[in-house]
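Observations on the three-dimensional arrangement
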Amino acid sequence: MQLARLEDTDEYLIAPDPSAARLTRAVTGTDHTGAEVATNVVEERPLTIFLNAQEVVTAMTIGDYPDYLALGFLRNQGMLSDDDDITGVEYDEDLETVIVRTARKTDYEEKMRKKTRTSGCAVGTVFGDMMEGLQDVRLPATSVRTSWLYALSARINRTPSLYLEAGAIHGTVLCHEARPLVYMEDVGRHNAVDKIAGWMLSEKVQAVDKLLYTTGRLTSEMVIKTAMMGIPVLASRSGFTAWGVEIAREVGLTLIGRMKGQRFICLSGEDRLIRDANPDDIAQEPRRAGRKGAM
């Protein structure tokens, strides 16, 4: 695998900034030989999200882009719609809170009583009615060129990131064809996806021609979030869960996993793949690559 290079962030609209203040902390310890070592570890801190006057959730997060995280979380939980009039997003760093205000009066007390904890890390939670509304989702049959997949994998995995700096973190990238657009990271893959959703909602970005790349597992919640965002393609270096595959097939989501070097597996949407790249022309990825596939 090629080393991370700063020029690999040139095409991004938002790229990771591993040197940003407050995201990591230097800690001293000892290694396997007993020698003293210094290493950077990822910071995590609570962020409480309010929708108008109602407290919704407290998420553990690295703390960057709290406005996008709040908007995206509420959007992906069905508490905000694309046509909602959002009158303000207020972040208080000292209180570690974000308040999203809407012109519409909101009350989700019943919904709040039906929380379900998922298999995701970093307190990934959805609500008991997370399948609500999914029955009407049918994603567009957007074609995907394998040349785009190979180009994205190579670009994303050599992009300087907090993961390469300190580890213990997930990344999610919104892409258009072979170009990565917005790269978000967080201690929970669900948070990273929600930041993408919040950015799309804030910037009114269409989803029909986008692809979502994640470093994490292709679980049911990852598939549901992607589908509810209207993104027709989800790809990952990591593997699948059976329910994730089942839901992807039901909603018409192209689902591609285990993307490493010249290899990948497509378990939903095979008919939408345009195989315009010869795998033999793609470099094999070393066994000990810089980014692991099972995060």
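Each remark here, short or long, concerns the structure printed above.
Residues numbered from 1 in each chain as written. Predicted model: local features only at pLDDT ≥ 70, side-chain atom pairs only at ≥ 80, totals over all residues. Heavy atoms only, no water.

1. A few points about the overall build of the protein
On a plain count of helices and strands, the protein comes out with seven helices and 16 strands. Residue pairs in contact within the protein that sit at least 24 positions apart in sequence constitute 57% of those at least 6 positions apart. (Helix = DSSP H or I, 4+ residues; strand = E, 2+ residues; numbered from the N terminus. Contact = heavy atoms within 4.5 Å.)

2. A look at the pattern of salt bridges
Within this structure, the stated rule accounts for 13 salt bridges. In this structure, arginine 145 engages aspartate 276 in a salt bridge whose closest nitrogen and oxygen atoms are separated by 3.5 Å. In this pair, arginine 145 is assigned in strand 9 (residues 144-145) and aspartate 276 in the segment after strand 16 (273-274), connecting sequence segments 131 residues apart. When the shortest N-O distance is used, the salt bridge between glutamate 221 and lysine 225 registers 3.8 Å. In this pair, glutamate 221 and lysine 225 are both assigned in helix 6 (residues 220-229), four residues apart and thus about one turn of the helix distant. Residue classification places glutamate 221 among the buried residues on the basis of a relative accessible area of 3%. Connected via shared salt-bridge partners are Asp64, Asp186 and Lys195. (Salt bridge = Lys/Arg side-chain N within 4 Å of Asp/Glu carboxyl O. Buried < 20%, exposed > 50% of the residue type's maximum accessible area, 1.4 Å probe, protein only.)

3. Things to note about the side chain of arginine 45
Structurally, arginine 45 is set in strand 3 (residues 45-51). Here arginine 45 is buried and forms no salt bridge, its nearest opposite-charge partner glutamate 96 lying at an N-O distance of 4.3 Å. There is a polar contact of 3.1 Å between the side chain of arginine 45 and the backbone oxygen of isoleucine 62. Those residues in contact with arginine 45 that lie beyond four places of it in its chain are Arg22, Ala59, Met60, Thr61, Ile62, Gly63 and Glu96. (Lys, Arg positive; Asp, Glu negative; His and termini not counted. Polar contact = N/O pair within 3.5 Å; in protein donor to acceptor, adjacent residues only side chain to side chain.)

4. A word on the environment of glutamate 185
Assignment of secondary structure puts glutamate 185 in strand 11 (residues 179-186). For glutamate 185, a relative accessible area of 5% corresponds to the buried category. On a C-alpha basis, the gap between glutamate 185 and threonine 215 in space is 9.7 Å, while along the polypeptide they are 30 residues apart. Within the structure, the side chain of glutamate 185 is placed 3.1 Å from the backbone nitrogen of tyrosine 163, a separation counted as a polar contact.

5. Some points on the packing of helix 5 (residues 189-203) against helix 6
Helix-helix packing is described using two parameters, namely the angle between the two axes and the distance between the axes. Interhelical geometry of helix 5 versus helix 6 gives an angle of 5° and a closest axis separation of 11 Å. Relative to helix 6, the element helix 5 is oriented roughly parallel. The residues of helix 6 that touch helix 5, namely those facing Arg189, His190, Val193, Asp194, Ile196, Ala197 and Met200, are Glu221, Met222, Lys225 and Met229. Tallied by class, the residues present in the contact of helix 5 with helix 6 amount to six nonpolar, one polar and four charged. (Axes fitted to C-alpha atoms, helices over the stretch in contact; angles between N-to-C directions. Parallel < 35°, antiparallel > 145°, perpendicular 65-115°, else oblique. Nonpolar A, V, L, I, M, F, W, Y, C, P; charged D, E, K, R; others polar.)

6. Brief notes about unusual backbone geometry
In this structure, tyrosine 65 takes a positive phi of about 50° despite not being glycine. Relative to the assigned elements, tyrosine 65 resides in the loop between strand 4 (54-61) and helix 1 (66-76). The exposure class of tyrosine 65 is partly exposed, given its relative accessible area of 30%. Positioned with a positive phi, lysine 204 is a non-glycine residue whose angle comes to about 55°.

7. Here we look at the environment of threonine 254
Mapped onto the secondary structure, threonine 254 falls in strand 14 (residues 254-260). At 3.0 Å, the side chain of threonine 254 and the side chain of arginine 272 are in polar contact.

8. Brief notes about the pairing of strand 14
The buried fraction of strand 14 is high, at five of seven residues. Across three bridges, strand 13 (residues 233-236) lies against strand 14 in parallel orientation. Within the sheet, the bridge partner assigned to valine 233 lies in strand 14 and is threonine 254. Viewed along the sheet, the connection from strand 13 through helix 7 (residues 242-251) into strand 14 turns out right-handed. Hairpin connection between strand 14 and strand 15 (residues 263-268): a loop of two residues separates the two successive antiparallel strands, and glycine 261 in this loop has a positive phi of roughly 60°. (Pairing = 2+ DSSP bridges. Right-handed = clockwise from strand over helix to strand, strands pointing away.)

9. A few points about the nonpolar core
Ranked by size, the top nonpolar core spans 31 residues in total, and within it Leu174, Val182, Ile196, Met200, Leu253 and Leu255 carry the most contacts. Only strand 11, helix 5, helix 6 and helix 7 provide two or more residues apiece to this core. Setting aside anything within four residues of it in sequence, one finds valine 182 in contact with Tyr12, Leu13, Ile14, Thr172, Val173, Leu174, Ile196 and Trp199. Val173, Leu211, Phe264 and Cys266 belong to the second largest nonpolar core, which has 19 residues in total. (Core = buried A, V, L, I, M, F, W, Y, C linked by side-chain atoms within 4.5 Å.)

10. Observations regarding the sheet that holds strand 13
The strand order 11-10-12-13-14-15 describes an open sheet built from six strands, whose pairing is mixed. Two strands bound the open sheet, and with one partner strand each, they are strand 11 and strand 15. Strand-to-strand twist of the sheet, defined as the mean angle between neighbouring strand axes without regard to direction, takes the value 20°. The sheet contacts of helix 3 (residues 146-156) involve strand 10 (170-176), strand 11, strand 12 (210-214), strand 14 and strand 15, and relative to strand 11 the element is tilted by about 45°. Running over the sheet, helix 6 touches strand 12, strand 13 and strand 14 and is turned about 145° from strand 13.

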